[in-house]
Amino acid sequence: MSERLLGEVAIVTGGADGIGAAIAQEFCLQGAKVCIADRNEALGMQVASQLVAQGFDATFFAVDISDETLVNAMVAHTVAELGEPSILINNAALISPGNDIDAVGVDAWKKSFSVNVDGMWFCSKAVYPYMKKHQRGSIVNVGSVHSFKIVPGYFPYAVTKHAVIGLTRNMAVEFAQFNIRVNALCPGMIETPMAFKSWDNTDDPQGSRKAMGDVHPLKRNGTTAEIAKPALFLASDDSSFMTGQSLVVDGGRSVIYHD
Ligand SMILES: NC(=O)c1ccc[n+]([C@@H]2O[C@H](COP(=O)([O-])OP(=O)(O)OC[C@H]3O[C@@H](n4cnc5c(N)ncnc54)[C@H](O)[C@@H]3O)[C@@H](O)[C@H]2O)c1
C-alpha cells in the first residue's frame, strides 16, 4: 500500500514515549514529517534522533503544553523546520490513577485540567490558522475509555477525559467550514512504559498485568502499535467524512457488563 501521509506535516504531543512515540514512528513510515512535542527533553531528543537516523524527517521541541506561549513557539518551530502543520495529534496527558474525589486538592484538579484540556485547546488553536489557510487538516484528540465511564479512584483524570469529548465535538462543528476534521481516539488499557511501571510496583507484576488484560473481552491489554494504526486512520483521508466522532479502541472493554 502507498504511504498514507505523504506530504503531511504532523505534530504529536507526548510523542517521546508510549502511545505518542508509536504514532510518531507510524506517521514517519507513512511519509509524514513529524514534530515530537514533549516536556521530556532527553527522551524526546532520543526518539527524534532515532527517526532521523532511520532516514525520516523528524524534529523535537521541548514544551509543556499547558503553557500557551511555549505551545506557540513549538508550532513556530514546526513551521520553520518541517512546514505548516496539517495534522495534530493531541496525545500528551497527565495520567493520575488512584485518586479519590475527597482526597484531591484544587491544585491537582487545576494541574490535570491545564494539561489534559487547556493544553489540547492551546495546541489546536495554534495549528488552526495554518489548517484554515490551506482549507484542510485533521486533529485527533486522545481520550480514553474514561471519556465515557467512571472507574472510582480516577478523579479528576476521568473528568478531563470526558471534557476531551466535548472539546472534540465543539471544535469539529466550528472547524468543519474550513475542511478541518476533529475526532477523538479513545484507547482501553495499553501497555506503555507507564503501565509496566505501575504493575512493577505491585507484589505480582505479571499477575497484575494479566488481571488487567482479563478485564477486556479480548483477554489482553492493547499495544501502542494497535493505537497508532487507528490514529493513522483518523489523521488520513481514509476517514475524510468523519468528524466530531469518538473511535473507541479497547478490546471490547467498554461494552461488557459489570455489576
Ligand atoms: N496507556 C493507556 O493505557 C491509556 C489508556 C487510555 C488513554 N490513554 C491516553 O493516551 C495518551 C498517551 O498515554 P501514554 O500511556 O502513552 O502515556 P505516557 O505517560 O507513556 O506518555 C505520555 C507522554 O506525554 C508527555 N507529557 C506529559 N505531560 C506533558 C505536558 N504537560 N506537556 C508535554 N508533554 C507531556 C510525557 O512526557 C510522555 O512522554 C494520554 O492522553 C492518555 O490519557 C492511555
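Reference entry: report on the structure contained in this document. (Residues numbered from 1 in each chain as written. Predicted model: local features only at pLDDT ≥ 70, side-chain atom pairs only at ≥ 80, totals over all residues. Heavy atoms only, no water.)

Quick word on helix α5 (residues 157–175)
Alright, step 1. Taking 1.5 Å per residue, 19 residues should reach 27 Å; α5 reaches 26 Å between its end C-alpha atoms and fits that length.
Alright, step 2. For α5, the full list of buried residues reads Tyr157, Ala158, Thr160, Lys161, Val164, Ile165, Leu167, Thr168, Met171, Ala172 and Phe175. The arc enclosing the buried residues of α5, seen along the axis, measures out at 165°, which places them on a common side. Pointing more than 90 degrees away from the buried face of α5 are the exposed residues Arg169 and Val173.
Alright, step 3. Where α5 is buried, its residues meet α4 (106–134), β5 (137–142), β6 (180–187) and β7 (246–249). (Helix = DSSP H or I, 4+ residues; strand = E, 2+ residues; numbered from the N terminus. Expected span 1.5 Å × (residues − 1). Buried < 20%, exposed > 50% of the residue type's maximum accessible area, 1.4 Å probe, protein only. Arc of directions from axis to C-beta. Contact = heavy atoms within 4.5 Å.)

Concerning the pairing of strand β2 (residues 33–38)
Alright, step 1. With 5 of its 6 residues buried, β2 lies for the most part within the structure.
Alright, step 2. Sheet analysis places strand β1 (residues 9–13) next to β2, joined by 5 bridges and oriented parallel. Counterpart to valine 9 in the pairing with β2 is lysine 33.
Alright, step 3. The handedness of the β1 to β2 crossover, carried by helix α1 (residues 18–29), is right-handed.
Alright, step 4. With helix α2 (residues 41–53) bridging β2 and the parallel strand β3 (residues 58–62), this β-α-β connection has right-handed handedness. (Pairing = 2+ DSSP bridges. Right-handed = clockwise from strand over helix to strand, strands pointing away.)

A closer look at the site of the ligand
Alright, step 1. By nearness alone, 27 residues border the ligand, and Ile19, Asp38, Asn91, Tyr157 and Ile190 come closest of all.
Alright, step 2. Contact distances for the ligand include 3.4 Å between a nitrogen atom and a backbone N or O atom of valine 63.
Alright, step 3. At 2.9 Å from an oxygen atom of the ligand is found a side-chain nitrogen or oxygen belonging to lysine 161.
Alright, step 4. Considered on its own, the ligand offers 830 Å² of accessible surface; in the complex 94% of this is hidden by protein.
Alright, step 5. Within the residue set of the shell around the ligand, elements represented by two or more residues are α1 and α5.
Alright, step 6. For the shell around the ligand, the per-class residue count stands at 14 nonpolar, 8 polar and 5 charged. (Near = heavy atom within 4 Å. Polar contact = N/O pair within 3.5 Å; in protein donor to acceptor, adjacent residues only side chain to side chain. Areas by Shrake-Rupley, 256 points an atom, 1.4 Å probe, with all protein chains shown as cover. Nonpolar A, V, L, I, M, F, W, Y, C, P; charged D, E, K, R; others polar.)

Concerning the side chain of arginine 253
Alright, step 1. Along the chain, the position of arginine 253 falls in the segment after β7.
Alright, step 2. Aspartate 250 is the oppositely charged side chain nearest to the buried, salt-bridge-free arginine 253, at an N-O distance of 6.3 Å.
Alright, step 3. Residues contacting arginine 253, with those up to four places away along its chain left out, are Val145, Val151, Gly188, Met189, Met212, Val215, His216 and Pro217. (Lys, Arg positive; Asp, Glu negative; His and termini not counted. Salt bridge = Lys/Arg side-chain N within 4 Å of Asp/Glu carboxyl O.)

As for the packing of aromatic side chains
Alright, step 1. Following the criterion strictly, the structure yields 7 aromatic pairs and no others.
Alright, step 2. Pairing tyrosine 128 with phenylalanine 178 gives two aromatic rings, centres 6.1 Å apart and planes at 65°, and the pair type is edge-to-face. Taken together, the residues tyrosine 128 in helix α4 and phenylalanine 178 in the loop between α5 and β6 connect sequence positions 50 residues apart.
Alright, step 3. Using a relative accessible area of 15% as the deciding quantity, one classes phenylalanine 178 as buried. (Phe/Tyr/Trp six-rings, centres within 6.5 Å; stacked < 30°, edge-to-face > 60°.)

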